[in-house]
Amino acid sequence: MSVDQYATGIGSSERAFSVYPNPATDRITIKAHSSLLGSTYMITDQAGRQVQSGKLIRETTSIDLSGSAAGAYLVRIGEQGSRTIKVMKE
């Protein structure tokens, strides 16, 4: 299982999140620090079209991508000062 993680600055685990597995097949999981609860997430395809969106209400959020085509997707957490991770779907 591969985990991509983003954190702003050294020692800032309160801003961290990860998305796995990467590459994905049918589902991805967003694991976010508790400080990100209530933040929005948005998944877009390579053309910038929104595929899914929602709010992080738990530290672990599972998202169904089974209806999405294979390719690259961007998972963005937050709006201003947002953080983004690229995920490949097989």
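Each remark here, short or long, concerns the structure printed above.
Below or above, wherever it landed, is the structure these notes cover. (Residues numbered from 1 in each chain as written. Predicted model: local features only at pLDDT ≥ 70, side-chain atom pairs only at ≥ 80, totals over all residues. Heavy atoms only, no water.)

### Quick look at the overall build of the protein
A tally of regular secondary structure across the protein gives 0 helices and 8 strands. N-terminal to C-terminal, the α/β element order of the protein is β-β-β-β-β-β-β-β. Counting the 90 residues in the protein, one finds 38% classified as buried. With the model as given, the accessible surface of the protein reaches about 5,200 Å², and the carbon-plus-sulfur share is 47%. (Helix = DSSP H or I, 4+ residues; strand = E, 2+ residues; numbered from the N terminus. Buried < 20%, exposed > 50% of the residue type's maximum accessible area, 1.4 Å probe, protein only. Areas by Shrake-Rupley, 256 points an atom, 1.4 Å probe, with all protein chains shown as cover.)

### Notes on the pairing of strand 7 (residues 71–77)
Taking burial as the measure, the 7 residues of strand 7 include 5 buried ones, the bulk of the element. Direction of pairing for strand 4 (residues 40–44) relative to strand 7: antiparallel, over a ladder of 4 bridges. Across the sheet, Met42 pairs through a bridge with Arg76, a residue of strand 7. (Pairing = 2+ DSSP bridges.)

### Describing the pattern of salt bridges
Tallying each qualifying case throughout the model produces 2 salt bridges. A salt bridge links Arg49 to Asp45, with the nearest nitrogen and oxygen atoms 2.9 Å apart. On the accessibility criterion, Arg49 (55% relative accessible area) is exposed. (Salt bridge = Lys/Arg side-chain N within 4 Å of Asp/Glu carboxyl O.)

### Remarks on the sheet that holds strand 7
What the 4 strands build is an open sheet, ordered 5-4-7-8; its pairing is antiparallel. Unpaired on one side and paired on the other, strand 5 (50–55) and strand 8 (83–89) mark the two borders of the sheet. For this sheet, the mean inter-axis angle between neighbouring strands, taken without regard to orientation, is 20°. Where strand 4 meets strand 5, 5 bridges bridge the pair, whose relative direction is antiparallel. The partner of Tyr41 across the bridge, within strand 5, is Gly54. (Axes fitted to C-alpha atoms, helices over the stretch in contact; angles between N-to-C directions.)

### Details of the environment of Thr44
Summarising the element assignment, Thr44 is placed in strand 4. Of the residues examined, Thr44 reaches a relative accessible area of 15% and is grouped as buried. Placed 42 residues apart in sequence, Thr44 and Lys86 show a C-alpha to C-alpha distance of 9.7 Å. Once you skip the residues sitting within four places of it in the chain, Thr44 turns out to touch Arg49, Gln50, Val51, Ala72, Tyr73 and Leu74. (Contact = heavy atoms within 4.5 Å.)

### Structural notes on the environment of Arg76
With respect to the helices and strands, Arg76 occurs in strand 7. Among the residues examined, Arg76 registers a relative accessible area of 31% and is labelled partly exposed. For the pair Arg76 and Tyr41, spaced 35 residues apart in sequence, the C-alpha to C-alpha distance is 5.5 Å.

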